[in-house]
Amino acid sequence: MNEDINVNKEPAYKVQMKNKKPAYGVPAKDKKLAYEGQSENRKPAYKQQADSSGGYASALKAAFPYTIPVLTGYLFIGFAFGVMFQEKGYHFLWAGFVSLVVYAGSGQYLAVNFFAPGVSMLQIVFLEFMVNIRHIFYGLSMLERFSKMGKKRLYMIFSLTDETYSLLCLTKVPKGVDETKFLLSIAALDQSYWILGSMLGAAVGSAVPFDATGIDFAMTALFAVIFVEQWLSAKNHVPAYIGLGCTLACLVLFGPDNFILPSMVCIMALLLSGRNIVEPAEKAR
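The structure contained in this document is the topic of the report that follows.

Procedures and definitions
- Residues numbered from 1 in each chain as written.
- Predicted model: local features only at pLDDT ≥ 70, side-chain atom pairs only at ≥ 80, totals over all residues.
- Heavy atoms only, no water.
- Helix = DSSP H or I, 4+ residues; strand = E, 2+ residues; numbered from the N terminus.
- Buried < 20%, exposed > 50% of the residue type's maximum accessible area, 1.4 Å probe, protein only.
- Axes fitted to C-alpha atoms, helices over the stretch in contact; angles between N-to-C directions.
- Parallel < 35°, antiparallel > 145°, perpendicular 65-115°, else oblique.
- Left-handed = near helix turned anticlockwise from the far one by under 90°.
- Contact = heavy atoms within 4.5 Å.
- 1 Å grid on protein atoms, 1.4 Å probe; cavity = no way out; pocket = protein on both sides within 12 Å on 5 of 7 lines; lining within 4 Å.
- Points joined across faces, edges and corners; volume = space filled by probe spheres on them.
- Nonpolar A, V, L, I, M, F, W, Y, C, P; charged D, E, K, R; others polar.
- Phe/Tyr/Trp six-rings, centres within 6.5 Å; stacked < 30°, edge-to-face > 60°.
- Lys NZ or Arg CZ within 6 Å of the ring centre and 35° of its normal.
- Salt bridge = Lys/Arg side-chain N within 4 Å of Asp/Glu carboxyl O.
- Disulfide = S-S within 2.5 Å.
- Core = buried A, V, L, I, M, F, W, Y, C linked by side-chain atoms within 4.5 Å.

Focus: the side chain of S263
Secondary-structure assignment places S263 in helix 15 (residues 260–273). We classify S263 as buried; its relative accessible area is 4%.

Structure follows, in C-alpha cells:
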C-alpha cells in the first residue's frame, strides 16, 4: 500500500518545478508589458511640451480666418489713432505701448485730446468711464464663459473690445480645438492687429505729414460694419431694435453730449426684463 502511494506521488521538488516558472522568465515579460503600457499612456516631457505648443499653434491657425475682418478694420482705425497720436509729438513706439497697455479703441481716440494742457485727472476718469461703460455689460454676459478659463480670464477681460466681443459671441469653436486656447487666440490676434496699426500710423504720419481731419470717423464706420454683420448673422432682431430705439430716444431727450449712459441703462433694463421672451425665441429659431 505504501509502495503504491510512493509510486503515484511525485517528489515535492518536481511538483514545485512544474508549478513554478523560472524567475528570470516572468519578470522579463511583465517588464516588457509594463514598459509598453507606459509608452502608450505616457509621453516623454519634451513630447508633452510639443503637444502643448502645438495646441496653441492649431488654435491660432483656426482662429485667424475668423479675425480677418477685425484685421482689416483694426489696421485702418489703429492707423488713424497712430496718426492722431504722433501729431501730439510722440514717437511711434509710444503709440504701440499705449495700444499694448490701454487697448481701449474709442477710449484711445478720446485720450489723444487729454494730452492738451488744462485737462484734469477727474475729467479724464469721467470721460473714459462714460465712453467705455458698455464694457461692463459685455463682461456681465461673459461671466460664465470666462470663469472656466482660470488665470487666462484676466487677459480676456482686459482684451474684451467691441470687435472681440462680437467674435466671441458669434464664432463657434471648431472641432478638435481647445475652447480656452481658441478664445485666447482670437483676443491676442485682435490686439496684435491694433498694436500694428497704431505703430504703422504713427510711423507713416511722422514721415509723411498730412491733414488728419475727419480720420477719427474710422471708429464710427467700424461700429456700423459690426452692427450690419450682427444683423445679417442673427435671426432674432429684437435686441437690435431695442438698442436702436433706446439710443434714438435718449439722443432726442438728453442730446448728443449726454445720451450714452442713459441709453445703455435703458437697453440693459429692457433686455433683462425681456430675457424670458427673447432667449426662448432665439432658441426656437
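There's more to say after this.
Section: the packing of helix 5 (residues 92–101) against helix 12 (residues 179–207)
Helix 12 packs onto helix 5 with a crossing angle of 155 degrees between their chain directions and a minimal axis gap of 8 Å. On the basis of the axis angle, helix 5 is roughly antiparallel to helix 12. Of the two elements, helix 5 crosses helix 12, and the hand of that crossing is right-handed. Contacts from F92, L93, A95, G96, S99 and L100 in helix 5 reach Q191, W194, I195, S198, M199, A202 and A203 in helix 12.

Details of empty space enclosed by the protein
In total, this model carries one cavity of 30 Å³ or more according to the counting rule given. Considered as a void within the structure, the largest cavity measures approximately 60 Å³ in volume. Elements represented by at least two residues in the lining of the largest cavity include exactly helix 8 (134–141) and helix 11 (162–170). A per-class count over the lining of the largest cavity returns four nonpolar, four polar and three charged.

A closer look at unusual backbone geometry
The backbone of Y103 shows a phi angle near 50 degrees, a positive value even though the residue is not glycine. Among the secondary structure elements, Y103 is positioned in the loop between helix 5 and helix 6 (106–111). Residue classification places Y103 among the buried residues on the basis of a relative accessible area of 4%.

Some details on the packing of aromatic side chains
Counted according to the given criterion, the structure contains twelve aromatic pairs. Ring plane angle 50 degrees and centroid distance 6.2 Å describe the contact between Y103 and F158, whose orientation is recorded as tilted. Residue Y103 is found in the loop between helix 5 and helix 6, and its partner F158 is found in helix 10 (residues 152–158); the two are separated by 55 residues along the sequence. The lysine or arginine in question, K181, covers the ring of Y56, its NZ or CZ lying 4.9 Å from the ring centre.

So, the pattern of salt bridges
Pairing between side chains becomes possible if they bear opposite charge and their charged atoms approach one another. Summed over all chains, the structure comprises one salt bridge. A salt bridge links E179 to R145; the shortest N-O distance between them is 3.2 Å. Here R145 lies in helix 9 (residues 143–146) and E179 lies in helix 12, a separation of 34 residues in the sequence. According to the relative accessible area criterion, E179 is partly exposed, its value standing at 37%. On the basis of relative accessibility, which here comes to 24%, the residue R145 falls in the partly exposed class.

Notes on helix 11
Burial analysis of helix 11 places seven of its nine residues in the buried class, which makes it a mostly covered element. Inspection of helix 11 places D162, E163, T164, Y165, S166, L167 and L168 among the buried residues, and these make up the whole buried set.

Side note on the packing of helix 7 (residues 121–132) against helix 8
What describes two packed helices is the angle between their axes and the distance between those same axes. Here helix 7 crosses helix 8 at 50 degrees, and the two axes come no closer than 5 Å. Between helix 7 and helix 8, the crossing angle belongs to the class labelled oblique. Contact residues: helix 7 offers F129, V131 and N132, while helix 8 offers R134, H135 and I136. Of the residues assigned to the contact of helix 7 with helix 8, the class counts are three nonpolar, two polar and one charged.

Some details on the state of the cysteines
Taken as a whole and assessed by the stated rule, the structure comprises zero disulfides. Its sulfur unpaired, C250 is 5.2 Å from the next cysteine sulfur, which belongs to C266. Residue C250 is classed as buried on the basis of its relative accessible area of 6%.

Considerations on the environment of L167
By the secondary structure assignment, L167 is in helix 11. Given the relative accessible area of 13%, L167 is considered buried. With 100 residues separating them along the chain, L167 and T67 place their C-alpha atoms 7.7 Å apart. For L167, the contacting residues outside a window of four places in its chain are Y66, T67, V70, I186 and D190.

Digging into the nonpolar core
Counting 35 residues, the largest nonpolar core has M156 and L168 as the members making the most contacts within it. Elements with a contribution of two residues or more to this core: helix 4 (45–86), helix 5, helix 11 and helix 12. Of all the elements, helix 4 adds the most residues to this core, at eleven residues. Other than its neighbours up to four places away in sequence, L168 contacts M142, R145, F146, M156, L160, L183 and I186.

Any functional reading would require information beyond the geometric quantities listed.
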